[in-house]
Amino acid sequence: MTPFSALHYAGTPLLLPNAWDHASAAALAAQGFEAIGTTSLGVAAAAGLPDGTALTRDLTLRLARQLGAGSFLLSVDAEDGFGQDPDDVAELARELVEAGAAGINLEDGLGPVTPHVAKIAAVKAAVPDLFVNARTDTYWLGDGSHAETCRRLDAYQQAGADGVFVPGLSDADRIATLVKTLDVPLNILYSPLGPSVAQLGDLGVRRVSLGSLLYRRALGAAVDTAVDIRAGRPPRGVTPTYSEVQALSAEGPNP
């Protein structure tokens, strides 16, 4: 079992914050997070590109190379693998491992199951130690069918996925029921209106991702600050000093 995989079997769920650039990853690392993920929405939006359209392969790989040598374990959000050819996705996985990544997130986008199974199998054959988190969008993009969710997740874990991810699912009873059908750790996307991390752990969830939440909160804080200043109010919240930000940049993602 790799160090990253072991975090999914600890006493409490792995809380995985998601960074979108060097500075955000370095700031999270400085707070002692053992593992940090990337967010495809944050990476895409920061570059002025749409998310989920396979346009950020190079940007994602570049970010992984920036962050892969950090003090934390890195998991990369790779959308659907940025392509449909399993061999191409496996090659991306090899490059991510060379960059220092410990995990990859692959989403099905509610597409056919068989091609996604082929991608997972190809990645595990190419880089067996890379933790593959297989995501299904039955709740995120679909109607949340329990039967369809189970069908997809069973196929993905049979293909070799090390964990499975169901964003958009926040109902406690449904989460507890789903956990009972799985042989691998379940990853849930944190929702401010859903169960807490501790409550999710009690339900059997082993990994809790923050997704694009931090990026969206950061963007909201920036806009709030500008609006406050325009209105003659002191800016709300905590503002890192110039020196603190410079220190993160100088040290890199390794605090």
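These notes cover the structure that comes with them. The structure presented is a predicted model; accordingly, all values stated were derived computationally and were not measured.

## Here we look at the environment of H8
Residue position: H8 is located in the loop between α1 (3-6) and β1 (14-16). Take H8: its relative accessible area is 1%, and that puts it in the buried class. Along the backbone, H8 and P185 are 177 residues apart, and their C-alpha atoms lie at a distance of 6.6 Å. What H8 contacts, discounting residues up to four positions off in sequence, is L14, F131, P185, R206 and R207. There is a polar contact of 3.0 Å between the side chain of H8 and the backbone oxygen of F4.

## Considering the nonpolar core
Residues L96, V123, Y156, L178 and L186 are the most contacted members of the largest nonpolar core, which totals 49 residues. With five residues, helix α5 (residues 86-99) is the largest single contributor of residues to this core. Setting aside anything within four residues of it in sequence, one finds L186 in contact with V164, V166, I175, L178, V179, V205, R206 and R207. Grouped together as the second largest cluster of nonpolar side chains are seven residues, L7, L16, A102 and F131 included.

## What to know about the sheet that holds strand β6 (residues 131-135)
As summarised here, the arrangement of the nine strands in space is β1-β9-β8-β7-β6-β5-β4-β3-β2, forming an open sheet in which the pairing is parallel. Among the strands making up the open sheet, the edge pair consists of β1 and β2 (18-19). Bridge count between strand β3 (residues 35-38) and strand β4 (residues 73-77): three bridges; the pairing is parallel. The partner of G37 across the bridge, within β4, is S75. Strand contacts of α5: β4 and β5 (101-107), with the helix running at about 150° to β5, the strand carrying the most contacts. Seen against the sheet, helix α6 (residues 113-126) touches β5 and β6 and runs at an angle of roughly 175° to β6.

What counts, and where the lines are drawn
- Residues numbered from 1 in each chain as written.
- Predicted model: local features only at pLDDT ≥ 70, side-chain atom pairs only at ≥ 80, totals over all residues.
- Heavy atoms only, no water.
- Helix = DSSP H or I, 4+ residues; strand = E, 2+ residues; numbered from the N terminus.
- Buried < 20%, exposed > 50% of the residue type's maximum accessible area, 1.4 Å probe, protein only.
- Contact = heavy atoms within 4.5 Å.
- Polar contact = N/O pair within 3.5 Å; in protein donor to acceptor, adjacent residues only side chain to side chain.
- Core = buried A, V, L, I, M, F, W, Y, C linked by side-chain atoms within 4.5 Å.
- Pairing = 2+ DSSP bridges.
- Axes fitted to C-alpha atoms, helices over the stretch in contact; angles between N-to-C directions.

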